[in-house]
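Observations on the three-dimensional arrangement
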Amino acid sequence: MKQIIAPALHLLFSIACLHYVSTDARNPSTFYIGGVLSNNESLAHFKNIISVLNFDSTFVNRGVTFYDAAILIDANPIRTALNVCKDLIGSKGVYAVIVSHPLIGDLSPAAVSYTSGFYHIPVIGISSRDCAFSDKNIHVSFLRTVPPYSHQADVWVELLKHFNYMKVIFIHSSDTDGRALLGRFQTTSQNQEDDVEIKVQVESIIEFEPGLDTFHDQLKEMKNAQARVYLMYASSKKDAEVIFRDAEALNMTDAGYVWIVTEQVLNASNAPEGIIGLRLMNATSEEAHIKDSVHVLASALREMNKTGIITEAPQDCDNSGSIWETGKTLFEYVRKQVLLNGATGKVAFDDSGDRIFAEYDVVNLQEGKRIVPVGQYYFNAEQNKMKLRIDDGNITWPGRLQSKPEGFMIPTHLKVLTIEEKPFVYVRELSGAAEAAGEGCGPEEIPCPHFNSSDEDSRTFCCRGYCIDLLRQLSQTINFTYNLALSPDGQFGSYLIKNTSVGGKKEWTGLIGELVAERADMIVAPLTINPERAEFIEFSKPFKYQGITILEKKPSRSSTLVSFLQPFSNTLWILVMVSVHVVALVLYLLDRFSPFGRFKLSNSDSTEEDALNLSSAIWFAWGVLLNSGIGEGTPRSFSARVLGMVWAGFAMIIVASYTANLAAFLVLERPKTKLTGINDARLRNTMENLTCATVKGSAVDMYFRRQVELSNMYRTMEANNYDTAEEAIHDVKIGKLMAFIWDSSRLDFEAAQDCELVTAGELFGRSGYGIGLQKGSPWSDFVTLAILDFHESGFMESLDNKWILQGNQPQCEQYEKTPNTLGLKNMAGVFILVAAGIAGGVGLIVIEMVYKKHQIRKQKRMELARHVADKWRGAIEKRKTLRATIAAQRRLKSNGVNDTGEVVPRGVLQIVSPIRSVESLPRHVIDAPSPIRVWPGSNIRQRRTDEIHSPPAYDAQPSDLIV
C-alpha cells in the first residue's frame, strides 16, 4: 500500500512545483540580499542564515534562490555609501539591505538609508533607534526590527497606570528623540482604552539642552510641585550624571520620590538606588535581528512573486535617472509582513516602518548597583496585545523602601475659589466705615477677596452660605487649611477660542480656567458636573443632586372690568339674554289670546285688572330671573302661569350655577403656570411674545448645545442669554423675561422666597453639584469620601433646610390654599354696571321729560283749536236757536196768542221770561245732550261737565222759550 501511495504523493508534489515554476517564470529566480554589518561575527551569521533559508520551504518557493552580499560597516558615512554602491548595488544588484550600527559613529546607517533610498531599495535596520529614521520624507525606504527610543513612552504609561501615579513631572533633553518621547507619552496617556477616566497628567515639563553643567534651579522648582514621580530621558550619560548629582544634593533621590528612566539613563555611574528603568529585550543580539530581517524579506518577496511583477534591481549607482518601481512595491510588502514567532518575538511594523510589539524588561537598580529585572512588557498572544507584568514585592524604592511611595506631596494649604450664587454663596462687601471701626466678617462668614485682584482693589468681601458651611466642614474633616477667593470674572467658565489671530486655541475662562491652569486647587461652589468640564478637571461625588427647571412669574389674576361675567361663557350669556325676551314674548301672547286671560278679581273696588302687556311680561321675566319681588304685571291665564313656573325653575338653576362659579373664579381661583415644561410647544417653537433665556457659558448652556432636539430652541434663546443668574431672575420678577432656565436648586430657592414665582414642569437634564479639583489631585478621594459621609450623617440635609428651603415653602403652600379676599379690582365691573344703570335711568328720565313737554305743547295747541271750534259752534247754535224762537213766535201769533202772558193752550209753546234761572228749567232739558260733534282726542266727560257748570255761550233773551 505504501509503495503505491508514495509515488502518487511524489507525482502531486512535482506537478505543484511545475505549477509554481511556470507561474513565476517571468520573475527573477535569484535574489541578492545585502548586508552592512558591524563585525565579522555578524557577517558569518548573515551568510549562514541566507544559506539555510534556501532550504526552508516556509519562506522560499522551489526554484528560487537567495544569495548574500555583505560588507562591514565603516565609521565614515561617505566611505560606507561608496561601499554600498560599489559592492552591493553595482556588483550584485541587491533587492534589499540589512544594516547594523557601527561601534563608533552614528551616521553610517543614515548613509546606507540615503544611498539605497535614492533607488527605493528597502533597508532594514537592526540596531538604529533614532526617531529621525521614522521620517519617511528623508528615509523613504527604511524599516527596522528595533523600536525607536520614543516607544518607551508606551511602557511608561502602563507602569504609571499599574502604580496608580496620575501626576508626573517630565524631564527630557531638547533633542529630537526627547521631544518625540514627550509627544508620544502625551498622546498615549490621553488615549486609554480600558478606562477613559484614568489619564496621566503632566504637572510640569522640564527641557534641557544637552551638555549640562548644573540642573540645580530646575530641581528646586520641581521640589515645590505636588508630583513626586519623575520621568527622565537624557541622550547622554553625562547629562544624566549631572541631574542625579544635583538631585542627590537636594535630597530628591530619598524616600518619597520615584524615578522612572529610559535605557540610556541607567548607564549613569551615579544613578541612585531605587530607580526603575527599561531594557529592550534582544537589543544586542544581532544574530536574532538578522534572522528576523531575512525572514521578513523572504516572506515579502514570496508574496510579491505570486501576485506581482518583479523587475531586476538597480546595478549602477551612476545611473541617477531611473527609479526602481519594484522597490516601492517591495517596501510596502515588507511593511505589511507579520512574524508571529520571530527570534525577537512578534515582528510587525507601523506606517512609519518602525517595529511594534517590541518587548522590554522592567529593571530596578538595587543595592550594589545591581540591575534586577522586576517585570516584563510582553506580547500576549491570547489577548493579541501587549501586557505588563510587575513583581511589586521585588522592587526596592528610593530610600531602600519596600512599599510603594504615594508619588505626590499633599499640600495642606489650598487655594479655594467660589462664586456668588444664592443661596449657596452670599457675598457682602464691608463698608469703609466698618473696616475703619475694626469690624470684620461675622461668625458664619469667611473673608473672600476677588482672585488675583490688583493692589488698587482694596475692597473686602465676606462670604457665607451653603457652600461656605460645606467648605468649613470639609476642612475640619480631612484636615486642610485654605484661602478663599471669588471668581475673577464672576463666571463659572466657558470653553472659548482665544487669540484667534495666533491660531484660535480654545481655553477655559472663569473658575474652570483657574483650576485648569493650576492657579487654584479647589472649587467649592454650585458647580454642575458635566462631560465638557470633566474632561479637564476632576469632580468629587455630588454633594447635591439637582436638575434643570424653568422659573416664571405666576400669571396675574384676570380681574378685568367684566370679571363678574367670567362664570359663564359668552355663548351662554347670549342664550340667557335671548331666553328672557323669548319667554316674555310667549307669556304676553299666551295671556293675550287665552279665553281666560280677563276676569274679575274679588277686590273691594270691583275694578277690572288691566291685561298683561308686553312691557309687563318683560318686567316679569327679568324679575323672576333676578329673584326680585314682582308686585304687578303677573300672568293670569293658566297656560301663561305654567310657563312662568318653568321659567322660575330655570332662573333658580341659572342663578345657583352663576353664584357657585363666581365664587370659584373670583375667590378660590389660583393661577396656573403658563408653561408645562421643557416639552411645551411654545418653547420648542418660540414665539415673539415668549422670551426664555439662561446664563452664557453655564452648564445649562452646554446642555442645550449637546441636545440636538433642542437646537431650534437654543438658537432662539441664545440671543437672550444673560451674564448672571441674578439679572435673569430680576427680569422674571418685573415681567421682562417670561421663562428663565436654570439649576433647580437655585430656582426652588427663589420660588420659596417669593410666592409670586413658580417653577414649571418636571426636572430635566438631571445632574449634580460637585467640588472641582485639578486632574490627578491627591485630595480627590478624601473629598469624595467626606461628601459620602456627610450624606449618610444627615449633614447635607441640614444644609438644605438651613439655606435652600429656609422654612418658606410651607408659607407659600398655605398662601396657595387661602381664599383670596375680593376687592374693588375684582368687582369693579359690577359697580360700573350699576353706574351705567343709573346713567341710563337719568338719561331716560331726561328723554321722558323732553317728550312730555313736547306732548304738553301739542295738547295746548289742540285745546286752543278746540276752544275756537267750540265758540264757533256756540255762535252757530245761538243763531239756530234765535231763528227757531222767531219762527215759534210767528207760529204763536198766527194761532192767536197775545203778549199779555195768558196761558196758551196745551201743546203751545210759552215764551219764558229772560229773567228765569236755569234751575227752573225741567231736568230733561238740562241733561239733554248738546248737538255737538266729538273731536278726536277730546275729553267728552270733561266737556260735559264744563257745559253744565259754565254759563251759556250766548246771552239769554227774553224771547227764549221753554218747551
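Coordinates for the structure precede this section.
The structure contained in this document is the topic of the report that follows. (Residues numbered from 1 in each chain as written. Predicted model: local features only at pLDDT ≥ 70, side-chain atom pairs only at ≥ 80, totals over all residues. Heavy atoms only, no water.)

Glancing now at the overall build of the protein chain. For the protein chain, the helix and strand inventory stands at 28 helices and 31 strands. Burial status across the protein chain gives 43% buried among its 963 residues. Look at the contacts in the protein chain between residues 6 or more apart in sequence, and 73% of them connect residues 24 or more apart. (Helix = DSSP H or I, 4+ residues; strand = E, 2+ residues; numbered from the N terminus. Buried < 20%, exposed > 50% of the residue type's maximum accessible area, 1.4 Å probe, protein only. Contact = heavy atoms within 4.5 Å.)

This next bit is on the state of the cysteines. In the structure shown here, the tally under the stated rule is two disulfides. Put simply, cysteine 441 and cysteine 462 are joined by a disulfide, and their sulfur atoms are 1.9 Å apart. With the S-S dihedral at roughly -80°, the linkage between cysteine 441 and cysteine 462 falls on the left-handed side. One end of the pair, cysteine 441, is in the loop between α11 (432-436) and β19 (446-447); the other, cysteine 462, is in strand β20 (residues 461-464), and 21 residues separate them in sequence. According to the relative accessible area criterion, cysteine 441 is partly exposed, its value standing at 25%. Looking at cysteine 462, the relative accessible area reads 0%, which means it is buried. Between the sulfur of cysteine 448 and that of cysteine 463 lies a disulfide, 1.9 Å long from S to S. (Disulfide = S-S within 2.5 Å.)

The subject of this paragraph is the sheet that holds strand β13 (residues 355-356). Across the sheet, which stays open at both edges, the three strands sit in the order β11-β12-β13 with antiparallel pairing between neighbours. Each edge of the sheet is formed by a strand with only one pairing partner; in this case those strands are β11 (339-342) and β13. Relative to β13, strand β12 (residues 345-349) runs antiparallel, the two sharing two bridges. Each residue of the ladder has a partner; that of phenylalanine 349, found in β13, is arginine 355. Sheet strands in contact with helix α9 (residues 286-307) are β11 and β12, and its direction is about 150° off that of β11. (Pairing = 2+ DSSP bridges. Axes fitted to C-alpha atoms, helices over the stretch in contact; angles between N-to-C directions.)

Residue lysine 422 is joined to proline 423 through a cis peptide bond whose omega torsion reads 0°. With respect to the secondary-structure elements, proline 423 resides in the loop between β17 (413-418) and β18 (426-429). Positive phi is not limited to glycine here, since asparagine 282 has a value of about 60°. Topologically, asparagine 282 is positioned in the loop between β10 (276-280) and α9. Residue glutamate 518 is not a glycine yet carries a positive backbone phi of 60°. Along the chain, glutamate 518 falls in the loop between α13 (510-516) and β24 (522-528). Owing to a relative accessible area of 30%, glutamate 518 belongs among the partly exposed residues under this scheme.

Glancing now at the pairing of strand β6 (residues 167-173). Summarising burial for β6: seven of the seven residues are buried, a large majority. Of the two faces of β6, both are covered, the one formed by Lys167, Ile169, Ile171 and Ser173 as well as the one formed by Val168, Phe170 and His172. Pairing between β6 and strand β7 (residues 201-208): seven bridges, direction parallel. Within the sheet, the bridge partner assigned to serine 173 lies in β7 and is phenylalanine 208. Two elements, β6 and strand β8 (residues 229-233), share four bridges in a ladder whose sense is parallel. Bridge pairing in β8 places isoleucine 169 opposite tyrosine 230.

Ordered in space as β18-β20-β19, the three strands form an open sheet in which the pairing is antiparallel. Looking at which strands have only one partner, the edges of the open sheet turn out to be β18 and β19. Inspection of the sheet shows β19 paired to β20 by two bridges, in the antiparallel sense. Each residue of the ladder has a partner; that of isoleucine 446, found in β20, is cysteine 463.

Once that is clear, we can look at a nonpolar patch on the surface. A contiguous nonpolar patch, built from Ile838, Val842, Ile845, Val846, Met849 and Val850 and spanning about 540 Å² of accessible area, is present on the exposed surface. Note that methionine 849 resides in helix α26 (residues 824-894). (Patch = residues over 30% accessible without salt bridge, like charges linked within 9 Å, V, L, I, M, F, W, Y side chains within 5 Å. Areas by Shrake-Rupley, 256 points an atom, 1.4 Å probe, with all protein chains shown as cover. Salt bridge = Lys/Arg side-chain N within 4 Å of Asp/Glu carboxyl O.)

Before going further, it helps to examine the packing of α9 against helix α10 (residues 325-335). Direction vectors running N to C along α9 and α10 enclose 120°, while the axes themselves pass 9 Å from each other. By the angle class used here, α9 and α10 are oblique. The two elements α9 and α10 cross, and the hand of that crossing is right-handed. Residues Val296, Leu297, Ala300, Leu301, Glu303, Met304 and Thr307 of α9 form the contact with α10, whose participating residues are Thr326, Thr329, Leu330, Tyr333 and Val334. A class-by-class count of the residues in the contact of α9 with α10 yields eight nonpolar, three polar and one charged. (Parallel < 35°, antiparallel > 145°, perpendicular 65-115°, else oblique. Left-handed = near helix turned anticlockwise from the far one by under 90°. Nonpolar A, V, L, I, M, F, W, Y, C, P; charged D, E, K, R; others polar.)

Moving on to the side chain of asparagine 364. Note on placement: asparagine 364 falls in strand β14 (residues 360-366). A distance of 3.0 Å separates a polar side-chain atom of asparagine 364 from the backbone oxygen of isoleucine 275. Separated by 3.1 Å, the side chains of asparagine 364 and glutamine 366 make a polar contact. For asparagine 364, the contacting residues outside a window of four places in its chain are Gly274, Ile275, Ile276, Arg370, Ile371, Val372, Val374, Asn394, Ile395 and Thr396. (Polar contact = N/O pair within 3.5 Å; in protein donor to acceptor, adjacent residues only side chain to side chain.)

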